[in-house]
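Close look at the chain arrangement
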Amino acid sequence: HVQLVESGGGLVQAGGSLRLSCAASGSIFSINTMGWYRQAPGQQRELVARITNTGFTTYADFVKGRFTISTDNAKTTMYLQMNSLTPEDTAVYYCNREQGRPTIIYWGQGTQVTVAS
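The structure presented is a predicted model; accordingly, all values stated were derived computationally and were not measured. (Residues numbered from 1 in each chain as written. Predicted model: local features only at pLDDT ≥ 70, side-chain atom pairs only at ≥ 80, totals over all residues. Heavy atoms only, no water.)

Counting its secondary structure elements, the chain contains zero helices and eleven strands. Counting from the amino terminus, the chain carries its helices and strands in the arrangement β-β-β-β-β-β-β-β-β-β-β. For a compact globule of 117 residues, the expected C-alpha radius of gyration is about 13 Å, and the chain comes in at 14 Å, within 12% of that figure. By principal-axis analysis of the C-alpha atoms, the chain measures approximately 45 × 25 × 20 Å. Split into buried and exposed, the 117 residues of the chain put 42% on the buried side. Here the analysis covers contacts within the chain between residues at least 6 apart in sequence; of these, 53% occur between residues at least 24 apart. Accessible surface computed for the chain: about 6,000 Å², of which carbon and sulfur atoms make up 51%. The chain carries 9 positive and 7 negative side-chain charges, and their two centres are separated by 6 Å. (Helix = DSSP H or I, 4+ residues; strand = E, 2+ residues; numbered from the N terminus. Rg over C-alpha atoms; globule rule 2.2 N^0.38 Å. Buried < 20%, exposed > 50% of the residue type's maximum accessible area, 1.4 Å probe, protein only. Contact = heavy atoms within 4.5 Å. Areas by Shrake-Rupley, 256 points an atom, 1.4 Å probe, with all protein chains shown as cover. Lys, Arg positive; Asp, Glu negative; His and termini not counted. Charge placed at Lys NZ, Arg CZ, Asp CG, Glu CD.)

Written out as structure tokens, the structure reads:
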């Protein structure tokens, strides 16, 4: 089993920045992908950014140019640097790790990001 623990969320003013972290522990294998998702109240969970084992990144259109996803060399910790935050970015942010064959998907417990106008 894999545990994912997010940190770095909080309250920030519009235009500010936050850096989220997701630390993985337990039965760590080479990843297929790791990603950040978010869920605002009353909304479905949506992909924010994803990174593959080879470092290929994908971003949702609404964060391109503002957010950057990265990992440490061991791919046990993932980051999301969030700049130019807007109130529309307010949500619970979840990290996701997909590893193994067949693929097993793990989720963190989420971290709240609140952007005040």
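From this point on, the discussion continues.
Attention now moves to the nonpolar core. Among the nonpolar cores identified, the biggest contains 27 residues, and Trp36, Val48, Phe67, Met78, Leu80, Met82 and Tyr93 are the most heavily contacted of them. Counting residues per element, this core draws most heavily on strand S3 (residues 18-26), at four residues. Every residue in contact with Val48, bar those within four places of it in the chain, is listed here: Trp36, Tyr37, Arg38, Thr58, Tyr59, Ala60, Val63, Phe67, Leu80 and Tyr93. (Core = buried A, V, L, I, M, F, W, Y, C linked by side-chain atoms within 4.5 Å.)

Before going further, it helps to examine the pairing of strand S9 (residues 91-99). Extensive coverage of S9 is indicated by the burial of eight of its nine residues. In this structure, strand S4 (residues 31-39) lies alongside S9, joined through eight bridges in antiparallel fashion. The residue bridging Tyr37 from the neighbouring strand is Tyr94, located in S9. Here S9 runs beside strand S11 (residues 111-116); their pairing, made up of three bridges, is antiparallel. Bridging from a neighbouring strand, Val92 pairs with Gln112 of S11. One ladder, built from four bridges, connects S9 with strand S10 (residues 104-107); its direction is antiparallel. Across the sheet, Arg97 pairs through a bridge with Tyr106, a residue of S10. Linking S9 back to S10 in an antiparallel pair, the connection comprises four residues, with Gly100 at a positive phi of about 85°. (Pairing = 2+ DSSP bridges.)

A word on the sheet that holds strand S8 (residues 77-82). Within the open sheet, the four strands sit side by side as S1-S3-S8-S7. Their pairing is antiparallel. Looking along the sheet, the strands with just one partner apiece sit at the ends: strand S1 (2-7) and strand S7 (67-71). Neighbouring strand axes in the sheet, compared pairwise and without regard to direction, differ in orientation by 15° on average. Pairing of S3 with S8, which is carried by six bridges, proceeds in the antiparallel orientation. Across the sheet, the residue bridging to Cys22 is Met78, located in S8. (Axes fitted to C-alpha atoms, helices over the stretch in contact; angles between N-to-C directions.)

Keep in mind that these numbers describe shape and distance, not what the molecule does.
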